[in-house]
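Coordinates in review
These are the residues of each chain, in order.
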Amino acid sequence: MVRTRFCDVFGVAYPIVQGGMQWVGRAELTSAVANAGGLGFLTALTQPTPEDLAKEIARCREMTDRPFGVNLTILPSINPPPYAEYRDVIVESGVPVVETAGFNPAEHLPAFRAGGVKVLHKCTSVRHAVKAQELGVDGISIDGFECAGHPGEDDIPGLVLIPAAAEKITIPMIASGGFGDARGLVAALALGADGINMGTRFLATAEAPVHDNVKRQLVANTERDTELIFRPLRNTARVASNSVSREVVGILDRGGKFEDVRDLVAGARGRKVFEEGDLDLGIWSAGMVQGIITDVPTVAELIERIVTEARELIAGRLAGVLR
Ligand SMILES: Cc1cc2nc3c(=O)[nH]c(=O)nc-3n(C[C@H](O)[C@H](O)[C@H](O)COP(=O)(O)O)c2cc1C
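Within an unreviewed UniProt entry, the label attached to the chain reads 2-nitropropane dioxygenase NPD, and the organism entered is Amycolatopsis methanolica 239.

Encoded structure:
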């Protein structure tokens, strides 16, 4: 067993989390993670309406009797989705945990607390982690510069970010960004975290509801095959390198405005990449961890492998240096 206080607080067998993933965090993947003893999150905004989220939660319940959660990503937007309605569905559906991300979750915490929903807040800096801890969340997911999606603007990789956060965080904390195997889990524990969160690695599993071309590309790609888009707009996102992401970087580097790339980065185009498997149709998130992804296992195989190899690594290689 590899067990930490994270498992006790969040009611799972292993300290391994599947973070929210737009268009990917659906019942197929999340239930597979739950059934394998990890903590999976459905992605609220993948569902077009709060009513659809309620149906997806019900569908996931039919596929597992283990606990799972819902990710609520709060991002600045001209036409924001009805966050409060999605939140209320999460509370009313009785899921035990929510992963909040993107913005300070303060506004939503009273409702989660009243409904008995534990909050795992994902953030990319020590100061935001400290703030969330002060607000009373139940756990922190600290997301380093390596990560897919939004790494923030500080560019602090996990090797420094995780121990720096561990100095200040007293509640359970998991490390995120760049994790994909047992070596990462053991390193995270050594750096002061209570477990790991993974996105890209779970995208390359049999149950991830995306086209096989995407999974094959994750295996083929190296750690160098990502782009940081929206840097000049201070809303950086790490995505897979392709003709579209490279064009977006070029336009913005030459002084272009968001309007100049709006069509290229449209969410509908990224969704099509996952559905149709044409890898150059739009923007899709992937992290540097692509460099250590060499296969497409089932979720159960992946989690079992990480746990088994972590135990061997700790009891073997690490114990072996104590002489
Ligand atoms: C395809 C994809 C979509 C993602 N969408 C979201 C999202 O909607 N909300 C969110 O909080 N994080 C999102 N993430 C980030 C993951 O939850 C996780 O924090 C990140 O992938 C960790 O880094 P890693 O990919 O190196 O494991 C996404 C990641 C991927 C790969």
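1. As for the overall build of the chain
Along its length, the chain carries 14 helices and ten strands. Relative to its length of 323 residues, the chain is compact, with a C-alpha radius of gyration of 19 Å against a globular reference of 20 Å. In terms of overall dimensions, the chain has C-alpha extents of about 55 × 45 × 35 Å along its principal axes. Buried residues in the chain amount to 48% of all 323 residues. Taking the contacts inside the chain whose residues are at least 6 apart along the sequence as the reference set, 61% of them involve residues at least 24 apart.

2. Some points on the sheet that holds strand β3 (residues 69-73)
Overall, parallel pairing links the eight strands, which are arranged β1-β2-β3-β4-β5-β6-β7-β8 in a closed barrel. Taken pair by pair, the neighbouring strands of this sheet meet at an average axis angle of 25°, ignoring direction. As paired strands, strand β5 (residues 118-123) and strand β6 (residues 139-143) are joined by four bridges and run parallel to one another. For cysteine 123, the partnering residue across the bridge sits in β6 and is isoleucine 142.

3. Digging into the nonpolar core
Residues Val70, Ile90, Ile142, Ala165, Ile196 and Leu203 are the most contacted members of the largest nonpolar core, which totals 91 residues. No other element matches the six residues that helix α14 (residues 299-320) contributes to this core. Both domain 1 (5-209 + 298-320) and domain 2 (226-285) contribute no fewer than three residues apiece to this core. With residues up to four places along the chain from it excluded, the contact list for isoleucine 142 reads Cys123, Ala129, Leu161, Ile162, Ala165, Met173, Ala175 and Ser176.

4. Describing the environment of alanine 220
With respect to the helices and strands, the residue alanine 220 is situated in helix α10 (residues 212-220). The exposed category is assigned to alanine 220, around which 11 C-beta atoms lie within 10 Å. For the pair alanine 220 and asparagine 104, spaced 116 residues apart in sequence, the C-alpha to C-alpha distance is 36 Å.

5. Things to note about the site of the ligand
Neighbouring residues of the ligand: 29 residues in total, closest Gly19, Ala101, Gly199, Thr200 and Gly287. If you list the elements that add at least two residues to the shell around the ligand, you get β3, β8 (196-198) and α9 (200-203). Looking at the shell around the ligand, the element that brings in the most residues is α9, giving three residues.

6. Points about the packing of helix α8 (residues 182-190) against α14
Here α8 crosses α14 at 60°, and the two axes come no closer than 8 Å. On the basis of the axis angle, α8 is oblique to α14. At the point where α8 passes α14, the crossing takes the right-handed sense. Each of Ala182, Arg183, Leu185 and Val186 in α8 lies in contact with α14, whose residues at this interface are Ile306, Glu309, Ala310, Leu313 and Ile314. Of the residues that constitute the contact of α8 with α14, the class distribution is seven nonpolar, no polar and two charged.

7. Description of α10
Because an α-helix packs 3.6 residues into every turn, residues spaced three or four apart end up facing the same way. The set of residues buried in α10 consists of Val214, Gln217 and Leu218. Seen along its axis, α10 keeps its buried residues to an arc of 100°; they face one direction. With respect to the buried face of α10, the exposed residues turned more than 90 degrees away are Asp212, Val219 and Ala220. Residues of α10 that are buried in the fold lie against α9 and α13 (267-276).

8. With respect to the packing of helix α2 (residues 27-35) against helix α3 (residues 50-63)
Close contact between α2 and α3 brings their axes to 9 Å; oriented N to C, the two are set at 40°. The angle between α2 and α3 falls in the class oblique. Here the hand of the crossing between α2 and α3 comes out right-handed. Of α3, the residues touching α2 (which contributes Ala27, Thr30 and Ser31) are Glu56, Arg59, Cys60 and Met63.

9. Points about the environment of valine 12
Looking at the element boundaries, valine 12 is found in the loop between α1 (5-10) and β1 (16-18). Note: C-alpha distance between valine 12 and glycine 40 (28 residues apart in sequence) is 10.0 Å. Beyond its immediate stretch of four places on either side in the chain, valine 12 contacts Cys7, Gly37, Gly38, Leu39 and Pro67.

10. Overview of unusual backbone geometry
The phi angle at aspartate 155 is positive, at roughly 60°, despite the residue not being glycine. Mapping aspartate 155 onto the fold places it in the loop between β6 and α7 (158-166). Note on aspartate 155: 13 C-beta atoms within 10 Å, which makes it partly exposed. Even without being a glycine, arginine 234 presents a positive backbone phi close to 55°. Mapped onto the elements of the fold, arginine 234 is located in the loop between β9 (226-229) and β10 (237-240). Among the residues examined, arginine 234 registers 8 C-beta atoms within 10 Å and is labelled exposed.

The rules behind these values
- Residues numbered from 1 in each chain as written.
- Predicted model: local features only at pLDDT ≥ 70, side-chain atom pairs only at ≥ 80, totals over all residues.
- Helix = DSSP H or I, 4+ residues; strand = E, 2+ residues; numbered from the N terminus.
- Rg over C-alpha atoms; globule rule 2.2 N^0.38 Å.
- Buried ≥ 20, exposed ≤ 12 C-beta atoms within 10 Å, placed from the backbone.
- Contact = placed C-beta atoms within 7 Å.
- Pairing = 2+ DSSP bridges.
- Axes fitted to C-alpha atoms, helices over the stretch in contact; angles between N-to-C directions.
- Core = buried A, V, L, I, M, F, W, Y, C linked by C-beta atoms within 7 Å.
- Domains from an automatic or database assignment.
- Near = placed C-beta within 6 Å.
- Parallel < 35°, antiparallel > 145°, perpendicular 65-115°, else oblique.
- Left-handed = near helix turned anticlockwise from the far one by under 90°.
- Nonpolar A, V, L, I, M, F, W, Y, C, P; charged D, E, K, R; others polar.
- Arc of directions from axis to C-beta.

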